[in-house]
Every structure is written in C-alpha cells, then in structure tokens.
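What the coordinates show
For reference, the chains in residue letters:
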Amino acid sequence: MSKISAVIITLNEERKHHTLPQFPSGVADEIVVVDSFSADNTPTICKQHENIRFLQLAIGEGLCQNKELGNEQATHPIFLSIDADEVLDEELRSYLN
C-alpha cells in the first residue's frame, strides 16, 4: 500500500485531545496538523511529538482553507483529512494498517 498522510485540523483541542496524537500512530506515515491559532495548549501538545508537522492558519471564512493547506502540505499520494475530534473505527484502522 502507498504511504499515507494524515491531515488534521485543530482549534482548542487540549481538553478533548484523544485524537492528538494517538489517532495517526500506526495508521499514517506522516501527520500534518493545521491549527487555527488555538488559545489553549493544543500547539504545545502537537509540538511535543516529532511525528507531527505543525502549521497555523486563521480560520477566515471557514475551515476549507485550513483543510486545503494541510492537503497541499501532505507529501504522500494518499491523505486522510479529518477534524481532531473525529476517530477512526476499528474496521478502517485495520484496512489502513
């Protein structure tokens, strides 16, 4: 299977960071986080993990620009674009592994 990039958009995810950074480990070969200038410790949490490439972009008129930036920064041919509060079910995890 081709290498996979995980693109995750975030905004103040500290208290619900079950997805960060646990989600992509073992699933994605690369993790790109696009944060909307979180006011909590989300940036610190992300930067503590060497497998996360951390970018910031203001929300603007919606999250589409943030998702697009993450997708453009992904270096692998396949990428999974999700919000930080989304979790993969076991069936999809198994398929991606």
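Anything mentioned here points back to the structure above.
The present account deals with the structure reproduced in this document. From a predicted model like this one, the values you see are computed outputs, not experimental measurements.

Across its full length, the chain carries three helices and four strands. Reading the chain from its N end, one meets helices and strands in the order β-β-α-β-α-β-α. Split into buried and exposed, the 97 residues of the chain put 38% on the buried side. Of the contacts formed within the chain by residues at least 6 apart in sequence, a portion of 63% connects residues at least 24 apart. When the accessible area of the chain is evaluated, it comes to approximately 5,700 Å², of which 49% is carbon and sulfur surface.

Turning to its location among the elements, serine 5 is positioned in strand 1 (residues 4–10). At a separation of 2.4 Å, a polar atom in the side chain of serine 5 contacts the side chain of glutamate 30. With near-sequence residues (within four places) excluded, serine 5 lies in contact with Ala28, Glu30, Ala74, Thr75, His76, Ile78, Phe79 and Leu80.

A word on unusual backbone geometry. Residues other than glycine predominantly adopt negative phi, and peptide bonds predominantly adopt the trans conformation. A positive phi angle, close to 50°, is found at asparagine 12, a residue other than glycine. Tracing the backbone shows asparagine 12 in the loop between strand 1 and strand 2 (30–35). The phi angle at phenylalanine 37 is positive, at roughly 55°, despite the residue not being glycine. For phenylalanine 37, the location among the structural elements is in the loop between strand 2 and helix 1 (42–47).

What counts, and at which threshold
- Residues numbered from 1 in each chain as written.
- Predicted model: local features only at pLDDT ≥ 70, side-chain atom pairs only at ≥ 80, totals over all residues.
- Heavy atoms only, no water.
- Helix = DSSP H or I, 4+ residues; strand = E, 2+ residues; numbered from the N terminus.
- Buried < 20%, exposed > 50% of the residue type's maximum accessible area, 1.4 Å probe, protein only.
- Contact = heavy atoms within 4.5 Å.
- Areas by Shrake-Rupley, 256 points an atom, 1.4 Å probe, with all protein chains shown as cover.
- Polar contact = N/O pair within 3.5 Å; in protein donor to acceptor, adjacent residues only side chain to side chain.

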